[in-house]
Amino acid sequence: MKPDNTSMTAAIASTVTRLLLPAWIGGALLYVVTSVAEQRFPEFDSRIRDQLATIRFPWYYLFCWLTLGTATCAACIAALLHHHPLRKRATLVAALTVTSLGIATADYVFIYKPLLQLITPPGQLRTPEFTRLHNRSRIVNEIHVTLALAAAVTAGLPQSRQLQTVPESNV
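The rules we used
- Residues numbered from 1 in each chain as written.
- Predicted model: local features only at pLDDT ≥ 70, side-chain atom pairs only at ≥ 80, totals over all residues.
- Heavy atoms only, no water.
- Salt bridge = Lys/Arg side-chain N within 4 Å of Asp/Glu carboxyl O.
- Helix = DSSP H or I, 4+ residues; strand = E, 2+ residues; numbered from the N terminus.
- Buried < 20%, exposed > 50% of the residue type's maximum accessible area, 1.4 Å probe, protein only.
- Patch = residues over 30% accessible without salt bridge, like charges linked within 9 Å, V, L, I, M, F, W, Y side chains within 5 Å.
- Areas by Shrake-Rupley, 256 points an atom, 1.4 Å probe, with all protein chains shown as cover.
- Core = buried A, V, L, I, M, F, W, Y, C linked by side-chain atoms within 4.5 Å.
- Contact = heavy atoms within 4.5 Å.
- Expected span 1.5 Å × (residues − 1).
- Bend = angle between axes of the 7 residues up to and from the residue.
- Axes fitted to C-alpha atoms, helices over the stretch in contact; angles between N-to-C directions.
- Parallel < 35°, antiparallel > 145°, perpendicular 65-115°, else oblique.
- Left-handed = near helix turned anticlockwise from the far one by under 90°.
- Nonpolar A, V, L, I, M, F, W, Y, C, P; charged D, E, K, R; others polar.

Q: Please explain the pattern of salt bridges as it appears in this structure.
A: Pairs can form between side chains of opposite charge whenever their charged atoms are close. Counted by the stated rule, this structure contains four salt bridges. Between Arg-132 and Glu-129 there is a salt bridge, with the nearest N and O atoms lying 2.7 Å from each other. Of the two residues, Arg-132 and Glu-129 both sit in helix H4 (residues 128–156), three residues apart, roughly one turn of that helix. On the accessibility criterion, Arg-132 (36% relative accessible area) is partly exposed.

Next comes the structure, spelled out in structure tokens:
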């Protein structure tokens, strides 16, 4: 059977999704590990820690938009173009990535931006509002990365040979 253009596009979109979701998850985890190490390094005072956060976080969100954002677009394309029965799994992956990206965007707007104001200029005392937002950010990020992980696992599950057949083109 010769695959049609729609099936090929859906397969490419699924592949892009499967590649970019782990890239985002790995990048986010690496970011967290290095951030925790920097925050616990005894020779960095609060001024340096604040400066590191203002340097690193914009790159964190940029990487998020590039990887998770593109994975979300690709997952939605795959969900729209896959034929039944692949559509059900592709739709679940798309829903998980859309939700993860939405939460990441809300984190940026409603948590990161206000946190940034609380550490600018660097070295200010930590207020209860800072602690509240910082804790909220940690929880929100755990949720959105976990959703991205669930999407990556779902997208990467093997398909039965029966599901891999594509309809013949009418051309």
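Once you've had a look at it, read on.
Q: I keep staring at a nonpolar patch on the surface and nothing clicks. Help me out?
A: A contiguous nonpolar surface patch, about 540 Å² in accessible area, is contributed by Ile-55, Trp-59, Leu-62, Trp-65 and Leu-66. Position of Trp-65 among the secondary structure elements: in helix H2 (residues 46–81).

Q: Explain the nonpolar core to me, please; I cannot follow it from the model alone.
A: One broad rule of soluble globular proteins: the nonpolar side chains tend to lie buried together. In terms of nonpolar packing, the biggest core is built from 27 residues, with Leu-21, Trp-24, Ile-25, Tyr-60, Leu-68, Val-93 and Ala-148 touching the most fellow members. Looking at this core, the elements that each hand over two or more residues are helix H1 (5–40), H2, helix H3 (86–118) and H4. No other element matches H2, which puts nine residues into this core. Val-93 has contacts with Thr-17, Leu-21, Ala-75, Ala-151, Thr-154 and Ala-155, leaving out every residue within four places of it along the chain. If you look at the next biggest cluster of nonpolar residues, it comprises seven residues, including Ala-53, Ile-111, Ile-119 and Val-140.

Q: Sorry, what's going on with H3 here?
A: Three- or four-residue spacings in an α-helix give side chains the same orientation, since the helix completes a turn every 3.6 residues. The terminal C-alpha atoms of H3, which comprises 33 residues, lie 47 Å apart, in line with the 48 Å expected from a rise of 1.5 Å per residue. Of all the bends in H3, the greatest measures close to 35 degrees and is centred on Tyr-108.

Q: Is there a simple way to think about the environment of Ile-77 in this case?
A: Relative to the elements of secondary structure, Ile-77 occurs in helix H2. Spatially, the C-alpha atom of Ile-77 lies 9.9 Å from that of Thr-17, the residues being 60 residues apart in sequence.

Q: Help me understand the packing of H3 against H4 in this model?
A: Helix packing for two helices is described by the angle between their axes and how far apart those axes are. At a minimum axis distance of 9 Å, the contact between H3 and H4 shows a crossing angle of 160 degrees. Here H3 is positioned roughly antiparallel relative to H4, judged by the angle of their axes. Between H3 and H4 lies a crossing whose hand is left-handed. In the contact of H3 with H4, the residues fall into 19 nonpolar, eight polar and four charged.

Q: Help me understand unusual backbone geometry, please; the structure alone is not making it clear to me.
A: Working note: non-glycine residues mostly have negative phi, and peptide bonds are mostly trans. Here the amide bond leading from Thr-120 into Pro-121 is cis, since omega sits at 0 degrees, within 30 degrees of zero. Secondary-structure assignment places Pro-121 in the loop between H3 and H4.

Q: It is not clear to me how the environment of Ala-13 should be interpreted in this structure. Could you clarify?
A: Structurally, the position occupied by Ala-13 is in helix H1. A relative accessible area of 6% means that Ala-13 is categorised as buried. Note: C-alpha distance between Ala-13 and Ala-71 (58 residues apart in sequence) is 8.4 Å.

Q: Would you mind showing me how to read H2 here?
A: In a regular helix each residue adds 1.5 Å, so 36 residues correspond to 52 Å; H2 covers 50 Å between its end C-alpha atoms and thus fits that length. Taking the largest bend as the criterion, H2 deviates by roughly 25 degrees, centred on Arg-56, and proline Pro-58 comes between one and four positions later.

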